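# Architecture at a glance
The residues making up each chain are set out below.
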Amino acid sequence: MIGKNTGKVIQYAVRSKKCRICDEAKARHEEVRAHDCRRNWSGSAKAMESDMVVDMMKDCNQKCAKVSTVVGDEDTSTIARLHREVDPSILKKSDNNHLKKILANDLYAAQKKHRQLSVKVIKYLQKCFAYMCQQNRGNSERIEKGLKALSRHPYGDHSFCSSNWCGYLKNPDSFRYKSLPYGRALTDPDLQSDLMHIFEKFLPHADKLSSLESTQSNESLNKSIASKAPKSHFYSGSENLNYRVSSAIAQKNIGNTYVAKVNDVVGLSPGKHTLSLGLSRDRVLKRRREMISSKTYKKRRLELKSARQSCQSAQEVREGSTYSTSIGLNADASDINEIPAAVEAPEMKSLTGGEEYIYFDLETTGLGTSAHITQIAAVKGACSFDVYVIPRNLLPKRHHP
Ligand SMILES: [Zn+2]
Ligand SMILES: [Zn+2]
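Residue numbers restart at each chain and count upward from 1, following the sequence in its written direction. Written order determines the labels here, with chains lettered from A and ligands numbered from 1. Per-residue local features of the predicted model are confined to residues with pLDDT of at least 70, and side-chain atom pairs are confined, for both listing and counting, to 80 or more; whole-chain, interface and lining totals are unaffected and use all residues. With hydrogens and water stripped out, all remaining heavy atoms of the structure feed into the side-chain values.

### Points about the overall build of the chain
A count of helices and strands for the chain gives 14 helices and five strands. Taken over the C-alpha trace, the chain has a radius of gyration of 31 Å; the compact-globule value for 401 residues is 21 Å, which it surpasses by more than 25%. Judged by the C-alpha coordinates and their principal axes, the chain covers about 105 × 60 × 50 Å. The buried share among the 401 residues of the chain stands at 27%. A separation of at least 24 residues holds for 50% of the contacts in the chain among residues at least 6 apart in sequence. In this tally, Asp and Glu contribute negative charge and Lys and Arg positive charge; neither His nor the terminal groups of the chain are included. The atom standing in for a charge is NZ when the residue is Lys, CZ when it is Arg, CG when it is Asp and CD when it is Glu. In the chain, which carries 64 positive and 44 negative side-chain charges, the distance between the mean positions of the two groups comes to 8 Å. For the purposes of this entry, the term helix denotes a DSSP run of H or I that reaches at least four residues, the term strand denotes a run of E that reaches at least two, and both are numbered from the N terminus. Every radius of gyration here is taken over C-alpha atoms, with the globule rule written as 2.2 Å times N^0.38, N being the number of residues. Any residue under 20% of the maximum accessible area for its type is buried, any over 50% is exposed, and the rest in between are partly exposed; the area is computed with a 1.4 Å probe on protein chains only. Residues count as neighbours in contact if any of their non-hydrogen atoms are within 4.5 Å of one another.

### Things to note about the coordination of the zinc ion (ligand 1)
Each metal site is built from N, O and S donor atoms within 2.8 Å (3.2 Å for Na, K and Ca), and since water is not included, such sites may look incomplete. Distances from the zinc ion (ligand 1) to its protein donors, Cys19 (SG), Cys22 (SG), His35 (NE2) and Cys37 (SG), fall at 2.1 to 2.2 Å. Taken together, the four donor atoms surrounding the zinc ion (ligand 1) define angles of 102 to 116° at the centre, an arrangement classified as tetrahedral. Written as a sequence motif, the donor arrangement for the zinc ion (ligand 1) is C-x2-C-x12-H-x1-C. Linking Cys22 in helix 1 (residues 20–27) with His35 in the loop between helix 1 and helix 2 (45–63), this pair joins segments that are 13 residues apart in sequence. Residue classification places His35 among the partly exposed positions, given a relative accessible area of 25%. Site shape is set this way: if four donors have all angles between 85 and 135 degrees, tetrahedral; if opposite donors are over 155 degrees apart and all others between 65 and 115, square planar for four donors and octahedral for six; otherwise irregular.

### Section: the sheet that holds strand 5 (residues 383–388)
Remark on secondary structure: sheet strands pair via backbone hydrogen bonds, oriented parallel or antiparallel. Strand order in the open sheet made by the three strands is 3-4-5, with antiparallel pairing throughout. One side of each edge strand has no neighbouring strand; the edge strands of this open sheet are strand 3 (359–364) and strand 5. Put simply, the sheet's adjacent strands are angled 5° from each other on average, direction ignored. Across six bridges, strand 3 lies against strand 4 (residues 373–380) in antiparallel orientation. Its bridge partner being in strand 4, Glu363 is matched across the sheet by Gln375. Only strands joined by at least two bridges in the DSSP assignment are considered to pair. Comment: axis = line fitted to C-alpha atoms, over the contacting stretch for helices; angle = value between 0 and 180 degrees taken between N-to-C directions.

### Considering a positive patch on the surface
Taken together, the side chains of Lys100, Lys298, Arg301, Lys305 and Arg308 make up a positively charged region of the molecular surface. Element by element, the count of residues in the positive patch is highest for helix 14 (residues 295–319), at four residues. Here Lys298 is to be found in helix 14. Only residues whose relative accessible area exceeds 30% and that form no salt bridge are eligible for patches; like-charged ones are grouped when within 9 Å, while nonpolar side chains (Val, Leu, Ile, Met, Phe, Trp, Tyr) are grouped when within 5 Å. We get accessible surface area from the Shrake-Rupley algorithm with a probe of 1.4 Å; when it comes to residues, only the shown protein chains can shield them. Salt bridge, as used here, is a side-chain nitrogen of Lys or Arg placed within 4 Å of a carboxyl oxygen of Asp or Glu.

### Here we look at the pairing of strand 5
With zero of six residues buried, strand 5 is to be regarded as a mostly surface element. In this sheet, strand 5 lies alongside strand 4 in antiparallel orientation, the contact comprising six bridges. In the strand pairing of strand 5, Lys380 is matched with Cys383. Where strand 4 folds back on strand 5, the antiparallel hairpin that results is connected by two residues, among which Gly381 adopts a positive phi of roughly 60°.

### Observations concerning the nonpolar core
Residue types Ala, Val, Leu, Ile, Met, Phe, Trp, Tyr and Cys, when buried and joined through side-chain atoms within 4.5 Å, form a set referred to as a nonpolar core. Leu117, Leu125, Phe129, Leu147, Leu195 and Leu209 are the most contacted members of the largest nonpolar core, which has 30 residues in total. Those elements that place two or more of their residues in this core are helix 4 (96–111), helix 5 (119–135), helix 6 (140–152), helix 8 (189–200) and helix 9 (206–209). Ranked by residue count, the leading element in this core is helix 5, at eight residues. Among all residues touching Leu125, those that are not within four sequence positions of it are Leu107, Leu117, Leu150, Pro154, Leu195 and Phe199. Of all hydrophobic cores here, the second largest spans eleven residues; its members include Ile2, Tyr235, Val245 and Ala248.

### A short note on the state of the cysteines
Note on terminology: pairs of cysteine sulfur atoms within 2.5 Å are recorded as disulfides. This structure, assessed with the given rule, holds zero disulfides. The structure places no disulfide on Cys133, whose sulfur is separated from the nearest cysteine sulfur, that of Cys128, by 11 Å. For Cys133, a relative accessible area of 6% translates into the label buried.

### Side note on the environment of Lys93
Looking at where Lys93 falls in the secondary structure, it is placed in strand 2 (residues 91–94). Using a relative accessible area of 24% as the deciding quantity, one classes Lys93 as partly exposed. Put simply, Lys93 and Leu195 are 102 residues apart on the chain and 25 Å apart in space, counted from C-alpha to C-alpha. Discounting chain neighbours no more than four positions away, the residues touching Lys93 are Thr69, Val70, Val71, Gly72, Ser211 and Glu213.

### Considerations on the confidence of the model for the chain
Low pLDDT marks stretches whose predicted atomic positions should not be read closely. The predicted model of the chain averages 83 in pLDDT, with 91% of residues at 70 or higher. pLDDT is a per-residue confidence score from the predictor, ranging from 0 to 100. Here helix 14 stands out as the element of the chain with the lowest mean pLDDT, 76, in contrast to helix 11 (residues 240–254), whose mean of 93 is the highest. Throughout residues 321–337 the model reports pLDDT below 50, and contacts reaching past four residues in sequence, or to other chains, amount to 22 contacts.

This is the structure in structure tokens:
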């Protein structure tokens, strides 16, 4: 649990289902010897989180400050338990990263059905959604209008748009969709009705969208914990895991000099090199933070991101969808069809003037790679050749141009 104003960890908890010493003793039907047992959970992993939140909030309300608002994912059981067991007046705000993930899942699921919904279009819609939430903070009415505009503006219907962001309303004559393919509006009406459904699902939650908060600092703490207790290793059989989590918390709250402080507390020499390394790491981190928050850095990051995206979409066009991003989300085997590598053009021999020409033409059942030949015809001077071939697959009902 991280405080909004300080950015420091104010509470943390570890839940462990296993204890090696207890388990081994049980397997050998022996009595368990006295040990520092950290097993404190026997329920399901799903209930673990809400149990921890309730515990931490109780402890925090007693020892330090009363918590009035929590930010977390859309887990309703946690907030229900908080209201019941801690304080019925606690406010719940949504985490913007979590809502963005919900939206991304919906859009990539819709991609299966709609060819026009390319990765580029999805990225554009996600950007619009994030921007819309950001711009209408604290105003749920404008959020509602914005949600309706999200599925209409890309189709050239600007009745719900607002002139402070919609380029069409600002300047209808020279307006282009900068982020959509070919700068043109989307056209598929089926896709539009699905998009309406996706965005307008959020309508009853407009007040939530108007007060989004970020849990980015929790994500970065998670990374720091994972670097000290990697998931690929099993540490939760003993107190080992607790110490690893605690050191990540200490590093977050105190900085890299925490090791020297721990040494000091347990009666060891702080260590000259330990201290100087800690200080130098803190300095590097501080410089990095200052750099990241600077305007030029943010601008450069966006530039690199858009360059990467356009390079990626170009590669996707060349390689087919086999290696496209998020293929795992919509693996449709019939769709996976790699375009073969380019072949070198055959060498052209210069004409001598005495050549004979054969003109030939094929009719096929279609244009795809599975099409079959239905007719071959060729002409050489006065000679002609013309046969029909029984194709090995069915003729399509529709006439191919
Ligand atoms: Zn134990
Ligand atoms: Zn518009």
